[in-house]
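So you can see what is in the structure, the chains are spelled out below.
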Amino acid sequence: MSWHLLGAGSLGSLWAARLSAAGHSVELILRNEQRLTDYLRAGGLQVRQGEQVQRHALPAGLASDPLPIRRLLLACKAYDATSAIARVATRLQPGSQVILLQNGLGSQQAVAELLPECQCICASSTEGAYRENDFQVVFAGQGHTWLGTSPTSPAPDWFGELASAGIPASWVDDIDARLWRKLALNCAINPLTVLHDCRNVGLRAHAAEVQMLCDELCRLLACCAPEAALGLHETVWQVIDATATNYSSMYQDVQQGRRTEIDYLLSHACRSAEQHGLTLPALNQLQQRLQHYLQQRGLPCR
Ligand code: NAD
Ligand code: KPL
């Protein structure tokens, strides 16, 4: 059975290249005729890791192609997920599987609502990739991907294909908690790096602010995914130290004038707190400061 990839950007290209190199059938679904022409002219996807460059001339088509899709990897940004999936919805069949690679929370639920007859599988990844150019991707950081469904289900029969392609992945029965945990880490770190204009390690100079956010995030997690709250403060500082010289992904988005995923990270946290009747002033204030900052730079604040 073929893998289809919708969202041939950084992370998606990395998955497609590795699956194809391991002999699995992969087809890209590109946004429009122009992108397809550009892709064919580029001669395929290029993946660079250190000095090593590999080209992968994978077949590609458009959302409007007629053939059914049984297994889809959706690898666009969270804010594009529902509009992207709507374009291929008629090609998905009852029982088709859709793997959602989006960071944060909210987009997965929105996609699942659009596809009641498909199996939606959520993923949380710590791999790192960025685009150097169109269809040219850099594999920047080794990591791991956790996949699972909510409610839980057994691993699909194709799961072993990931290992055979060298994609480090585990099938888990607590994917919601893992997505919440990652969301909490991103909320404690990313917005502050934007507002203080610093690398991750720069947050050491704003330790009280980080601690207060962690306190409130723990209160939120206690309502939404209690197991994700365990040791959050320590993990946040470990991540800050392990990624000390990095700029957070949100920092990089803002620097490059790209839309951020704020609505699926910090704003999702604030909305969830409100739904649980929690008052979390530091988190709400952070959201307002970040939205104001984005607005001033002409970037969407959701
Ligand atoms: P990206 O912007 O590099 O790639 C997204 C791709 O989706 C783009 O090529 C875009 O053109 C395409 N796309 C959007 N709408 C489309 C449509 N309707 N039809 C066809 N293509 C469409 O994004 P990314 O960095 O790969 O991130 C994807 C998700 O993975 C995000 O939620 C991100 O937070 C998460 N993530 C990324 C990394 C990373 O290192 N890049 C790591 C962990 C998690
Ligand atoms: O995931 C991250 C990001 O930059 O998006 C880390 C490195 C954990 C910082 O929040």
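Residues numbered from 1 in each chain as written. Chains lettered and ligands numbered in written order. Predicted model: local features only at pLDDT ≥ 70, side-chain atom pairs only at ≥ 80, totals over all residues. Heavy atoms only, no water.

The protein carries the name 2-dehydropantoate 2-reductase in an unreviewed UniProt entry, which gives Pseudomonas fluvialis as its organism. Per its UniProt entry, the protein bears the Sequence similarities (unreviewed entry) comment "Belongs to the ketopantoate reductase family." (UniProt positions renumbered as here; feature names shortened; annotations may be inferred.)

Peer 1: In this structure, what is going on with the pattern of salt bridges? I would like to understand it.
Peer 2: Oppositely charged side chains can form a pair if their charged atoms are brought close together. Summed over the entire model, instances satisfying the criterion amount to 10 salt bridges. Its salt-bridge partner being Glu127, residue Arg18 comes within 2.8 Å of it at the nearest N-O pair. In this pair, Arg18 is assigned in helix H1 (residues 10-21) and Glu127 in the loop between strand E8 (119-125) and strand E9 (128-133), connecting sequence segments 109 residues apart. On the accessibility criterion, Arg18 (13% relative accessible area) is buried. Residue Glu127 is classed as buried on the basis of its relative accessible area, which comes to 9%. Of the charged contacts in the structure, one is a salt bridge between Arg48 and Glu132, with a shortest N-O distance of 2.7 Å. Residue Arg48 is found in strand E3 (residues 45-49), and its partner Glu132 is found in strand E9; the two are separated by 84 residues along the sequence. Among the residues examined, Arg48 registers a relative accessible area of 24% and is labelled partly exposed. Looking at Glu132, the relative accessible area reads 36%, which means it is partly exposed. It is possible to trace a salt-bridge network through shared partners that takes in Asp263, Arg271 and Arg302. (Salt bridge = Lys/Arg side-chain N within 4 Å of Asp/Glu carboxyl O. Helix = DSSP H or I, 4+ residues; strand = E, 2+ residues; numbered from the N terminus. Buried < 20%, exposed > 50% of the residue type's maximum accessible area, 1.4 Å probe, protein only.)

Peer 1: Please clarify how the site of ligand 2 should be interpreted in this entry.
Peer 2: Around ligand 2 sit Lys182, Asn186, Ile189, Asn190, Val239, Ser248 and Ser249, and those are all the residues in its vicinity. Here Asn186 contributes a side-chain N or O atom positioned 3.0 Å from an oxygen atom of ligand 2. Asn190 places a polar side-chain atom, nitrogen or oxygen, 2.4 Å from an oxygen atom of ligand 2. Isolated, ligand 2 exposes 280 Å² of accessible area, and the fraction of that covered by the protein chains is 82%. A total of four residues in the shell around ligand 2 trace back to one element, the largest contributor, which is helix H6 (residues 175-195). Residues that form the shell around ligand 2 fall into these classes: two nonpolar, four polar and one charged. (Near = heavy atom within 4 Å. Polar contact = N/O pair within 3.5 Å; in protein donor to acceptor, adjacent residues only side chain to side chain. Areas by Shrake-Rupley, 256 points an atom, 1.4 Å probe, with all protein chains shown as cover. Nonpolar A, V, L, I, M, F, W, Y, C, P; charged D, E, K, R; others polar.)

Peer 1: What is the right way to look at the domain arrangement of the protein in this model?
Peer 2: How big an interface is tends to be reported as the loss of accessible area on association of its parts. We note that the domain assignment places domain 1 (3-173) and domain 2 (177-296) within the protein. Put simply, the middle of domain 1 and the middle of domain 2, counted by C-alpha atoms, are 26 Å apart. Every contact between the two is made by 16 residues of domain 1 and, on the other side, 13 residues of domain 2. Carbon and sulfur atoms make up 60% of the surface buried where domain 1 meets domain 2, a total of about 1400 Å² over both sides. The largest per-residue losses of area from domain 1 upon contact with domain 2 belong to Tyr79, Asn103 and Leu105, which jointly make up 51% of the total buried on that side. For the pair domain 1 and domain 2, the interface holds zero salt bridges. Sorting elements by how many residues they give to the side of domain 1 that touches domain 2 places E8 first, with four residues. Its residues assigned to classes, the side of domain 1 that touches domain 2 comprises seven nonpolar, eight polar and one charged. (Domains from an automatic or database assignment. Contact = heavy atoms within 4.5 Å. Buried area = accessible area lost by both parts, 1.4 Å probe.)

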